[in-house]
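Take a look at the letters that make up each chain.
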Amino acid sequence: MDFKRKDLLGLEDLSPEEILLILDTAKSFREVLERPIKKVPTLRGKTIVNLFFEASTRTRMSFELAEKRLSADVLNFSASTSSLVKGETLLDTAKNILALRVDCFVLRHPTPGAPHLLAGKLPVSIINAGDGAHEHPTQALLDLYTIREKKGHIEGVKIAIVGDIAHSRVARSNIWGLNKLGAEVRVCGPPTLIPPRIENMGVKVFYSIERALRGVDIIMMLRIQRERQNKGLLPSLSEYREFFSLTEERISLAKKDALIMHPGPVNRGIEIPAKVADSERSIILNQVTNGIAVRMAILYLLLGRR
Amino acid sequence: MALLIKKGRVVDPASNTDEVLDILIEDERIKRIEKNISISSAEVIDASGKVVTPGFIDMHTHLREPGREDEETIESGTYAAAKGGFTTVCCMPNTSPAIDEPAVVEFIYKQARKRGIVEVLPIAAITKNREGENLSDMGKLKRAGAVAFSDDGDWVDNSDLMRRALEYAKMLNLPIISHCEDKTLTQDGVMNEGFFSTILGLKGMPKEAEEIAVYRDLALARMTGSHLHIAHISTANSVRLVREAKERGVKITAEVCPHHLVLTDKEVRCLDTNTKVNPPLREEEDVKALKEGLKNGTIDVIATDHAPHSLEEKELDYTLAPFGIIGLETALSLLVKELVEEGVLSLMELVAKLTISPAQILGIDRGKIAEGAKANLTIFDIKKGWKVKKEELVSKSTNSPFIGWQLPAPVEYTIMGGKVVFRRGQR
């Protein structure tokens, strides 16, 4: 199996074989991270630009570290889109940076399709690091990696994704990936945060967290953004906490060995109590570490062999 | 010199004609329509094997002049119209300044006379600066030559104001054209709300936003007895609402755009901003209902909503790019493909929706082939095909989702007031 893509834009159009190839490749890079010298020469001479139009700490740091571990040269560019709207367009900015002779863009952008726009117009690799509420493929891949690492397999795993599904690219990418690999996916949240016809993606919808968690292997909590209540999608955060917070009592409805995931950043005390976030069941920090290995694998598969 | 069109298949819904005839044109008007005309002094167009119809009328065109001449001008827009077989286009008032004063109406007429090659009829704003607050001087606008009133993309959300506009327009005997959209439901929306907006993570515009607005406007049309025309109807339920209102005798007409008959929100998956239109591309069931509505007469007119946008703007990402696509040059071909070849409408029925039907709604003496009538004619070849090529578009903008499509029925000639304003293969 060969990885023949120029870009990584989303999980929707990846085949199960491609996903598994990425996960298998990540496994060998994961070992590199445990060495005393965590650097390999794979991408020496390649230049990668992290183009971030949205605030991000962990994704950007994770990418940067993955790039550096592979010996690539790294450029970071952060800007707010508002300043861009006035002058340069996204495409202009990218073309200007491309003229500096770079090999790859890692793009985070608030608009769905922004990486696809660049991928269609530029000859270099584009990695989607999150486009609006559309996709966040590297996050979903690191989640899949972590589930496989902890449970040994993905097929047949029952997972509940809880929270603001409507605005979550993490949820969408995970749904594509988990379904492709044979997991059973449930989504849960208040109806105002569940997008229309999401069942057609092959998930079961629950408005009750108690029902959603019954018998699941994995609980994936999503961050609830404070802004949602201003848009009338939530009466209040305390109301949300009352109905959807991951309390220990609710966790007891899941399988005995159920694990807790969160793409971060965690709103401690809102979607997840601090005690739960720090408990033995929580594999939130494993996700973070695995993220570097998965991103190294993606960079290697896209750039390492040409 | 006289112009003689020989042996064309004349399709004229106004007289219910569909037969091979010759048409002689003299001094801008149709002189004779007969089986076999021979006259030595005339320029002859051999139309054998081709279809000859009244020149098409587009009730919904954006010419962008004044204000955005980088996107389209009256000149370039009328070239695009002629290439698409349109001899009359009604331009929407969302210009800068808006068409809300007689001087702007006069400017458009003047510019059309000077630079245009087909007829341009301005649609004036319902409210001053299309702000939805005060009625424009509708009477003066009519006197200057406005043929209808519309606030275009901005629905008059104040129901009392809309009521008064409808009442006042009754005195002027002109229709009010409404873009039906409850904007509180579509705020930040960029595409139809449904499965595809969900997987793309794009903000949806629910169909109900249109249907609520359609229902309110129908209620006001019924209340006032005025003529309401619904622009670019796009959902199955809107069609049902219009049909029911028509059955109850409400004075209402409706139009649909070619792209809403050809594309669905599935096309947005490619994230090409040339799929971003308002109303948005809907779903299969809506397309089906729109076709049904055309067939049973619920929908009277097909209009392009030709909306040129600059490349710079359409190259922005999906949320920032403006709504709209160009449509004049591809309308006929898409309609022949989607409606006539699919057996939804007969050629006669299709031509009616592009000619006599809009003429009647606007109360203009156009859209028919008759002796003495103005010689506005379109000749197309239903047996030939053509490919839509970006470099061959004559509109100043190229924001079309149909570039690269192979389509039937190229327009061969467009004749405006007896003069050939478009001939295929020539600019």
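Residues numbered from 1 in each chain as written. Chains lettered and ligands numbered in written order. Predicted model: local features only at pLDDT ≥ 70, side-chain atom pairs only at ≥ 80, totals over all residues. Heavy atoms only, no water.

Participant: Give me the lowdown on the packing of aromatic side chains, citing residues and values where you can.
Facilitator: Tallied over the full model, the rule gives seven aromatic pairs over all chains. A centroid spacing of 4.8 Å and a plane angle of 80° characterise the contact between phenylalanine 402 of chain B and tryptophan 405 of chain B, whose relative ring orientation is edge-to-face. Judged by its relative accessible area of 26%, tryptophan 405 of chain B is partly exposed. Among the aromatic residues, those joined into a cluster by ring pairs are Phe56, Phe86 and Phe380 of chain B. Positioned over the ring face of phenylalanine 63 of chain A is arginine 295 of chain A, at 4.9 Å from the centre of the ring. (Phe/Tyr/Trp six-rings, centres within 6.5 Å; stacked < 30°, edge-to-face > 60°. Buried < 20%, exposed > 50% of the residue type's maximum accessible area, 1.4 Å probe, protein only. Lys NZ or Arg CZ within 6 Å of the ring centre and 35° of its normal.)

Participant: Now, about the side chain of threonine 253 of chain B: what can you tell me, with residues and values included?
Facilitator: Residues and elements named next belong to chain B. Looking at the secondary structure, you find threonine 253 in strand β14 (residues 252-256). Looking at threonine 253, its side chain comes within polar contact range of the side chain of histidine 227, at 2.9 Å. Engagement of the side chain of threonine 253 in a polar contact is seen with the side chain of histidine 229, the distance being 2.7 Å. Residues within four places of threonine 253 in sequence aside, it is in contact with His227, Leu228, His229, Ile230, Lys246, Asp300 and Ile361. (Helix = DSSP H or I, 4+ residues; strand = E, 2+ residues; numbered from the N terminus. Polar contact = N/O pair within 3.5 Å; in protein donor to acceptor, adjacent residues only side chain to side chain. Contact = heavy atoms within 4.5 Å.)

Participant: Break down the sheet that holds strand β8 (residues 119-124) of chain B for me, citing the residues and quoting the values.
Facilitator: All names here are of chain B. Spatial strand order, β6-β7-β8-β9-β10-β13-β14-β15: eight strands in an open sheet with parallel pairing. The open sheet terminates on both sides in strands that have one partner only, identified here as β6 (56-61) and β15 (301-302). Sheet topology note: the strand β13 (residues 228-230)/β14 ladder contains three bridges and is parallel. Paired with leucine 228 across the bridge in β14 is isoleucine 252. The sheet strands contacting helix α7 (residues 207-224) are β10 (176-178), β13 and β14, and the helix crosses β13 at an angle near 165°. (Pairing = 2+ DSSP bridges. Axes fitted to C-alpha atoms, helices over the stretch in contact; angles between N-to-C directions.)

Participant: Describe the pairing of strand β4 (residues 125-131) of chain A, naming the residues involved and giving the relevant values.
Facilitator: Residues and elements named next belong to chain A. Of all seven residues in β4, seven are buried; the element is thus mostly enclosed. For strand β3 (residues 104-109) and β4, the ladder comprises five bridges, and the chain directions are parallel. By the bridge assignment for β4, cysteine 104 is matched with serine 125. In the classification by handedness, the crossover that spans β3, the intervening helix α5 (residues 114-121) and the parallel β4 is right-handed. (Right-handed = clockwise from strand over helix to strand, strands pointing away.)

Participant: So what's going on with the pattern of salt bridges? Which residues, and what values?
Facilitator: Here the structure, examined in full by the defined rule, presents 51 salt bridges over all chains. Taking the shortest distance from any N to any O, the salt bridge between arginine 148 of chain A and aspartate 24 of chain A comes out at 2.5 Å. Here arginine 148 of chain A, found in helix α6 (residues 137-151), pairs with aspartate 24 of chain A, found in helix α1 (residues 16-32); they are 124 residues apart in sequence, far enough to count as distant. Owing to a relative accessible area of 23%, arginine 148 of chain A belongs among the partly exposed residues under this scheme. In this structure aspartate 24 of chain A comes out as partly exposed when scored by relative accessible area, which is 43%. Across the pair glutamate 19 of chain B and lysine 35 of chain B runs a salt bridge whose closest N-O atoms are separated by 2.8 Å. On the criterion of sequence distance, the pair formed by glutamate 19 of chain B in strand β2 (residues 17-26) and lysine 35 of chain B in the loop between β3 (29-34) and β4 (43-46) is long-range, its members being 16 residues apart. A residue is classified by how much of its surface remains accessible, and glutamate 19 of chain B, at 36% relative accessible area, is partly exposed. (Salt bridge = Lys/Arg side-chain N within 4 Å of Asp/Glu carboxyl O.)

Participant: If you had to explain the environment of arginine 281 of chain A to someone new, which residues and values would you point to?
Facilitator: Residues and elements named next belong to chain A. Of note, arginine 281 is situated in the loop between α11 (274-277) and α12 (284-303). Judged by relative accessible area, arginine 281 falls into the partly exposed class, the value being 27%. When the C-alpha positions of arginine 281 and threonine 93 are compared, they lie 44 Å apart, and in sequence the two are 188 residues distant. Among residues more than four places away in sequence, those in contact with arginine 281 are Ile251, Lys255, Lys256, Asp257, Ala258, Leu259 and Ile260. Polar contacts involving the side chain of arginine 281 include one to the main-chain carbonyl oxygen of lysine 256, which spans 3.2 Å.

Participant: Before we move on, can you summarise the environment of methionine 205 of chain B with the specific residues and values?
Facilitator: Residue and element names in this part refer to chain B. Position of methionine 205 relative to the elements: it lies in strand β12 (residues 204-205). Taking relative accessible area as the criterion, methionine 205 reaches 2% and is therefore assigned buried. Taking C-alpha positions, methionine 205 is 7.5 Å from proline 280, a pair spaced 75 residues apart along the chain.

Participant: Residues and numbers for the nonpolar core, please.
Facilitator: Ranked by size, the top nonpolar core spans 90 residues in total, and within it Phe149, Ile176, Ile230, Ile233 and Leu339 of chain B carry the most contacts. Leaving out residues up to four positions away in the same chain, phenylalanine 149 of chain B has contacts with Ile123, Ala124, Ala125, Ile126, Met138, Leu141, Leu172, Leu174, Pro175, Ile176 and Ile177 of chain B. In this structure, Leu142, Ile165, Ala171 and Ile283 of chain A belong to the second largest nonpolar core, which totals 74 residues. (Core = buried A, V, L, I, M, F, W, Y, C linked by side-chain atoms within 4.5 Å.)

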